[in-house]
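# Inside the fold
Below, each chain spelled out in residue letters.
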Amino acid sequence: MPDAGDSTVADDSDEALIGRYVRGDAAAFELLYRRHEMRVWRYLQRNLRDAATADELMQEVWFAVARDASRYLPSARFTTWLFSIAHNRMIDSIRVRRRHVSLESLGHESAEVTRQLIADPSTSPVAAAVARDEAAALIRAVEELPREQREAFLLQVEGDLDIEEIARITGSSFETTKSRLRYARTKLRQMLKEYA
Amino acid sequence: MTEELDEIYRRASALDPSRPSESVRRKVLEHAAALAARPRPAANRPRWRPAIFGTLAAAGLAGLLIVPRVFNPHPPANSADTAVPAQIPPDADAPPGAGAPAMAGAPPTAAGAPPFADAPSMNSAPAPFRPPQGAAKFRAIAPADRQAAAPQEEVGNTTASAQPASPQTEPSAALRRAAETGDVQALRVILGAEVPIDAPDARGRTALMLAASGGRA
């Protein structure tokens, strides 16, 4: 049980929150979960292009965080640890899915997400519609990147990780990771120019 | 340009209506709360750590004290200042009637004495010479009376060599003990009583072999 006066503070760092959870403060875990919920989910969903599988992995990732919280070492950032768990679960899932699902079938979800973005019912001003179109195009472009480039890009923008951390998580060299990020960003910029 | 791309991506993410399932959130938070409420293993509780470290330190200290004795079971030789009369307990001065048969049931009287006279002592301090009651009688016998006492001793020693019983029952056990510990004064007293010097113990070791093993041959 948390100590008296050990109330969870919303602006606590991730590392402080996981420490509180290890000491029995379940509210700290909830705050941590809500803080990173969408980032982890988007990382999974845009890599896998399948919302159901992303949900399944999302649950596995956070179960692992809760179970192994006492093993977390504050020497590394919490987000690095969190996204390394997500990466490992996702790689395992991709390996299993390759045996059952063809890659073509994975593209349907991407097209559906793009359609939802474009057909947002809140559309009213023309500028907003253009922005939504641009956003939808970018999301589609991200999902069409080669897997390694897409993963590196999503780890950077969703996990807020630097090149060294991404290289460590993906098991790649620093230079390889840097090249993947450069290629990914070049392609996305080119797509945006074409869209404009 | 990098910041612009990231900004467009963040805007696109904000507009993306895709969301994780609400049931996932509920399951995750319930699971986390259940784990938080579960008592953690004792080893992870901070208040147990001093006790664990204290136990380990005590075990380590005990190991440091025991290991040298295991690897060096033979204590160093008695120094010359270990006087025999001072080491003989009062009950060792038994009446002259206490002969070899009486020694068979005589238990060790001092706490530091090993249960068997030939057993190597585990104490680091030199084991005091503690002759059996028969040896005390030998000391009490005057040189003039040795002739008379000799037949009785020979009978006892013959019996002992024919049937190597417990080393404590033999007068030669005192000789071997004195040879092993290097107690010169005790050796003089025992040899004066014409104890057979080559009588082996249960493991076939004579007084000479024991003295040689201690570097005192």
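Notes on the structure in this doc start here. (Residues numbered from 1 in each chain as written. Chains lettered and ligands numbered in written order. Predicted model: local features only at pLDDT ≥ 70, side-chain atom pairs only at ≥ 80, totals over all residues. Heavy atoms only, no water.)

### A look at the packing of aromatic side chains
Residue and element names in this part refer to chain A. Heads up, the condition is: For this analysis, a ring pair means two rings from Phe, Tyr or Trp (six-membered ring only for Trp) whose centres lie within 6.5 Å, classed as stacked if their planes differ by under 30 degrees, edge-to-face if by over 60, and tilted for the remaining angles. For helices the rule is a DSSP run of H or I covering at least 4 residues; for strands it is a run of E covering at least 2, with both sets numbered from the N terminus onward. Only protein chains enter the accessibility calculation, which uses a 1.4 Å probe; a residue whose area is less than 20% of its type maximum is buried, one above 50% is exposed, and one in between is partly exposed. In our convention, an over-ring charge means Lys NZ or Arg CZ found within 6 Å of a ring centre and within 35 degrees of that ring's normal.
Tallied over the full model, the rule gives 8 aromatic pairs over all chains. Centre to centre, the rings of Y43 and F83 are 5.5 Å apart; their planes meet at 80 degrees, and the pair counts as edge-to-face. Note that Y43 is positioned in helix α2 (residues 26-48) and F83 in helix α4 (residues 78-98), a separation of 40 residues in sequence. Among the residues examined, Y43 registers a relative accessible area of 0% and is labelled buried. Taking the centre distance of 5.2 Å and the plane angle of 40 degrees together, the rings of Y72 and W81 count as tilted. Y72 sits in the buried class, given a relative accessible area of 7%. What makes W81 buried here is its relative accessible area of 17%. In this structure an aromatic cluster arises from ring pairing among Y21, F29, Y33 and W62. Above the face of the Y183 ring, R182 is positioned so that its terminal group lies 6.0 Å from the ring centre.

### A short note on the pattern of salt bridges
The cut-off we apply is this: Each reported salt bridge corresponds to a side-chain nitrogen of Lys or Arg within 4 Å of a carboxyl oxygen of Asp or Glu.
The final tally for this structure, using the stated rule, is 18 salt bridges over all chains. Across the pair E60 of chain A and R89 of chain A runs a salt bridge whose closest N-O atoms are separated by 3.6 Å. Placement of the pair is E60 of chain A in helix α3 (residues 51-67) and R89 of chain A in helix α4, with a sequence separation of 29 residues. The exposure class assigned to E60 of chain A is partly exposed, which follows from its relative accessible area of 30%. By relative accessible area, which is 26% here, R89 of chain A ends up partly exposed. The partner of E7 of chain B in a salt bridge is R10 of chain B, and the shortest N-O contact between them spans 4.0 Å. Separated by 3 residues within a single helix, E7 of chain B and R10 of chain B lie in helix α1 (residues 2-15), roughly one turn from each other.

### Focus on the interface of chain B and chain A
Selection criterion: Residues count as neighbours in contact if any of their non-hydrogen atoms are within 4.5 Å of one another. The buried area of a pairing is the accessible area, by a 1.4 Å probe, that goes missing from both parts when the two are put together, added over both. Polar contact is the term for a pair of N or O atoms within 3.5 Å; when the atoms are in protein, one must be able to donate a hydrogen and the other to accept it, and sequence-neighboring residues count only if both atoms are side-chain atoms.
Facing 27 residues of chain B, the contacting portion of chain A comprises 41 residues. With both chains or domains summed, chain B and chain A bury close to 3,200 Å², and 67% of this area falls on carbon and sulfur atoms. Connecting chain B to chain A are 3 salt bridges. In this structure, the salt-bridge partner of D16 of chain B is R46 of chain A, at a minimum N-O distance of 2.8 Å. Run the count over chain B and chain A and you get 8 residue pairs in polar contact (both at pLDDT 80 or more). Going through the elements one at a time, α1 and α2 (22-37) of chain B are the ones with two or more residues in the side of chain B that touches chain A.

### Quick notes on the packing of helix α8 (residues 171-181) of chain B against helix α9 (residues 184-192) of chain B
Residue and element names in this part refer to chain B. Our working rule: The convention used is that axes are lines fitted to C-alpha atoms, helices contributing only their stretch in contact, and that angles between N-to-C directions extend from 0 to 180 degrees. Note on terminology: angles under 35 degrees are roughly parallel, angles over 145 are roughly antiparallel, angles of 65 to 115 are roughly perpendicular, and the others are oblique. Throughout, a crossing is termed right-handed when the near helix is turned clockwise from the far one, and left-handed when it is turned anticlockwise from it by less than a right angle.
Where α8 meets α9, the axes come as close as 9 Å, and the angle between the chain directions of the two elements is 155 degrees. Between α8 and α9, the angle is such that the two are roughly antiparallel. Like other packed secondary-structure pairs, α8 and α9 cross with a definite hand, here left-handed. Here α8 contributes A174, L175, A178 and A179 to the contact with α9, which in turn contributes A186, L187, I190 and L191.

### Considerations on the packing of α2 of chain A against α2 of chain B
Contact geometry of α2 of chain A with α2 of chain B gives a least axis separation of 9 Å together with a crossing angle of 150 degrees. As summarised for this structure, α2 of chain A and α2 of chain B are arranged roughly antiparallel, according to the angle between their axes. Along this stretch, α2 of chain A crosses α2 of chain B, giving a crossing that reads as right-handed. Where α2 of chain A approaches α2 of chain B, its residues A26, F29, E30, Y33, R34 and E37 of chain A are matched on the opposing element by V24, R25, V28, L29, A32, A33 and A36 of chain B.

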